[in-house]
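# Per-entry structural report
Here is what each chain is made of, one letter per residue.
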Amino acid sequence: MGRFGGLMKGGAKASADGQSEVRSWMGVFTGLAHVTSPPSEAALIGALEGRPYSCIGQSHSYNGIQVIPGITALHLGKAAFKDAHYDPVSKTATCGPSVSVRELKELLRAHGRRMLNSGNYMAQTVIGALMGGTHGYGEQAVMAQAVTSLTFLDGRGQKVTLNRGDPDFPYAALSFGMIGPIFSVTLRTAPLESFQSDAWVTRLSKKAALARGAIAVTAAIVPYSDPADPLIMLHTLRPVRAGKGPRQARAPLLTLKGLIEALLRRLWAFDRMVPAARYWLQRAADRIDPRSHRRLITAPDDLDYLYDPEPLLKSQRAPDLLTGFFSTTFTAYNLAFFVPLDATEAVVRFIMEEARRLRPLGFVLKSLISVRECADASDLPFAGNFGGPAAAIDLFADVRDYAWLERLQRAVSSAFPGVRPHWGKSALVEDFAAVLGAQHLAAMRALHLRHYPPGTLMPHPAVRRLFGL
Ligand SMILES: Cc1cc2nc3c(=O)[nH]c(=O)nc-3n(C[C@H](O)[C@H](O)[C@H](O)COP(=O)(O)OP(=O)(O)OC[C@H]3O[C@@H](n4cnc5c(N)ncnc54)[C@H](O)[C@@H]3O)c2cc1C
């Protein structure tokens, strides 16, 4: 949960009639359900009886996929299934449904290992993150790509284990509530490693040259800068090479350029304080055209090196009021989708133009358009990068404006082929059926129906619609 308490951001709150309120992150979606956190395997199996049920991890999905009113909500993120261990022979980690991403990373660190990839927040359950299609960037960006085996309970409470190679495995490994409860997963891991982390404030036209040779690339686009050549913050990771130490090239803080650079790095904070000035601040930054470059070598044991290359976790360094009160994590609604990697720049420009058109109606995109490149293809049919490398595009808005983001999603998926959903952040609309493919929809539907007769596991209504359930 967020540091200001789970109820404000997501989670469950007790109510009078035995049901509790389940909330999505940012509280845009809410509903009453019979929430239970079983203390043992026997209690979990017992809880499957009586009425339809679904699973909740840490309720960090923005789009309400974890909010299904009226049923038994198995709140596994709050339950006691904390088993986690590392096997040095297979170099895999196995964990239960109550283990968080941070807990698994800490366990692996003690063995000199790390997760292959991860999202930018570590409080989610590992299994919830896998099932929502959570990704980082670079190679094997979608976390579920690392799964080698999983065990779930079917509608009769019987354990079913699937391994990579089983025909059903690719569907169950990223199944957003269609299979569950998933009781254990086994994941491949990698050795702890340092990386050369470079961050630039630059222009989109310079990105290809600066990112050449990088193993992981992410960019944050300033949405109201010049669409012909947007202002961006680019971040790359490379293997550490001899002679490439830390360096910093920034304008001095007490110059206009220096001030704008500092503002850009804290854009998410300033646009919260002065939303009316959001647009003009970005236009001014565009005119001043700041440039900077900073290189760090990440610490091998740093758990969040992908998002915060400085040593330790952000929360372990000096407290930063701006981060706590204003960061998009705690203030913005976030909607995301995947586009084919080679369409990224066209999609970004399209979103910038659409956002400009919506401005007279009072809508201003918050912060930055985030682009995380998933460098390779996944073999999981419901991954964002199934079929080819993809870019995950993240859009942010003030919470009251979340529905404008759904409109932008629909505009992008009407204008560009191959737009795929993020199961925890997209509006899950039927537009996605074509890109997901009739064959894969049918296979997932058949797998669900084989294990879950009516009255047992109940996916979210939007998912049910998509799969004709
Ligand atoms: C601050 C923040 C930052 C984020 N950053 C990123 C990011 O960098 N990249 C990214 O891709 N996403 C990101 N997300 C989205 C998030 O990773 C996903 O929505 C993730 O699925 C949430 O995990 P959870 O444990 O909270 O699961 P929930 O939201 O509770 O559930 C998600 C889905 O998993 C299912 N599920 C959960 N547990 C089980 C189980 N044991 N068995 C079967 N099904 C289960 C649920 O039924 C539901 O369908 C972020 C979200 C937040 C709030």
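Residues numbered from 1 in each chain as written. Predicted model: local features only at pLDDT ≥ 70, side-chain atom pairs only at ≥ 80, totals over all residues.

## Section: the overall build of the protein chain
Keep this limit in mind: Secondary structure follows DSSP: runs of H or I at least 4 residues long count as helices, runs of E at least 2 residues long count as strands, and numbering of each begins at the N terminus. Three exposure classes are used, based on other C-beta atoms lying within 10 Å of a residue's own C-beta, which is placed from the backbone: buried for 20 or more, exposed for 12 or fewer, and partly exposed in between. We call two residues in contact if the C-beta atoms placed from their backbones are at most 7 Å apart.
Broken down by element type, the protein chain carries 16 helices and 20 strands. Counting every position in the protein chain, which comprises 469 residues, the buried fraction comes to 47%. A separation threshold of at least 6 residues defines the contact pool for the protein chain, and within that pool the share at least 24 residues apart is 68%.

## Brief notes about the site of the ligand
This is how it is decided: For each residue, a C-beta atom is placed from the backbone, and the residue is labelled near a molecule or strand when this atom is within 6 Å of it. Just so you know the grouping, Ala, Val, Leu, Ile, Met, Phe, Trp, Tyr, Cys and Pro go in nonpolar, Asp, Glu, Lys and Arg go in charged, and all remaining residues, Gly too, go in polar.
In the vicinity of the ligand, 35 residues are found, and the nearest of them are Gly57, Gly119, Gly128, Gly132 and Gly424. Residue assignment for the shell around the ligand shows that the elements contributing at least two residues are β4 (53–56) and α4 (126–131). The dominant element in the shell around the ligand, judged by the number of residues it contributes, is α4, at four residues. Here the shell around the ligand is built from residues that sort into 13 nonpolar, 21 polar and one charged.

## A look at the confidence of the model for the protein chain
Atom-level detail of predicted coordinates should not be read off regions where pLDDT is low. Test applied: Confidence of the predictor at the level of single residues is given by pLDDT, which spans 0 to 100.
Within the protein chain, residue pLDDT values average 90, and 88% of them lie at 70 or more. Every residue in residues 1–8 scores below 50 in pLDDT, and together they form 13 contacts with partners more than four places removed in sequence or on other chains.

## Focus on helix α9 (residues 278–288)
To be explicit about the condition: Our arc is simply the arc of the directions from the helix axis toward the C-beta atoms.
Among all positions of α9, only Arg278, Gln282 and Ala285 are buried. Relative to the axis of α9, the buried residues are bounded by an arc of 55° and lie together on one face. What points out from α9, more than 90 degrees from its buried face, is the exposed set Trp280 and Arg287. Looking at the residues trailing α9, positive phi occurs at Asp289, about 55°.

## Side note on the nonpolar core
Let me state the cut-off plainly: Working definition: the nonpolar core is a set of buried Ala, Val, Leu, Ile, Met, Phe, Trp, Tyr and Cys residues, joined through C-beta atoms within 7 Å.
Grouped together as the largest cluster of nonpolar side chains are 122 residues, with contacts concentrated most on Leu130 and Ile393. Residue contacts for Ile393: discarding those within four places in its chain leaves Ala336, Phe337, Val339, Val347, Ile369 and Val371.

## What to know about helix α15 (residues 438–451)
Along an α-helix, a turn takes 3.6 residues, which lines up residues three or four apart on a common side. Going by this rule: A helix is expected to span 1.5 Å multiplied by its residue count minus one.
An ideal rise of 1.5 Å per residue puts 20 Å on 14 residues; α15 measures up with 20 Å between its terminal C-alpha atoms. For α15, the secondary structure elements touched by its buried residues are β10 (159–163) and α5 (169–172).

## Notes on the pairing of β10
Worth spelling out the cut-off: For two strands to count as paired, DSSP must find a minimum of two bridges between them.
The pairing of strand β9 (residues 147–153) with β10 spans five bridges and is antiparallel. Residue pairing in the sheet places Leu153 in a bridge with Lys159 of β10.

## Side note on the packing of helix α12 (residues 344–358) against helix α13 (residues 402–415)
Counted only if it meets this: Fitted lines through C-alpha atoms serve as axes, helices being fitted only where they are in contact, and the angles separating the N-to-C directions of these axes extend from 0 to 180 degrees. By definition in this entry, angles of less than 35 degrees are roughly parallel, angles greater than 145 are roughly antiparallel, angles of 65 to 115 are roughly perpendicular, and the rest are oblique. Left-handed describes a crossing whose near helix is turned anticlockwise from the far helix by less than a right angle; the clockwise case is right-handed.
α13 packs onto α12 with a crossing angle of 135° between their chain directions and a minimal axis gap of 10 Å. Considering the angle they form, α12 stands oblique to α13. Remark: the crossing between α12 and α13 carries right-handed chirality. Of α13, the residues touching α12 (which contributes Val347, Phe350, Ile351, Glu354 and Leu358) are Trp404, Leu408, Ala411, Val412 and Ala415. Tallied by class, residues from the contact of α12 with α13 come to nine nonpolar, no polar and one charged.

## Overview of the environment of Phe176
Within the secondary structure, Phe176 is located in the loop between α5 and β11 (182–191). Given 25 C-beta atoms within 10 Å, Phe176 falls into the buried group. When the C-alpha atoms of Phe176 and Gly133 are compared, they prove to be 7.7 Å apart, with 43 residues separating the residues in sequence. For Phe176, the contacting residues outside a window of four places in its chain are Ile65, Met131, Gly132, Gly133, Trp423 and Val463.

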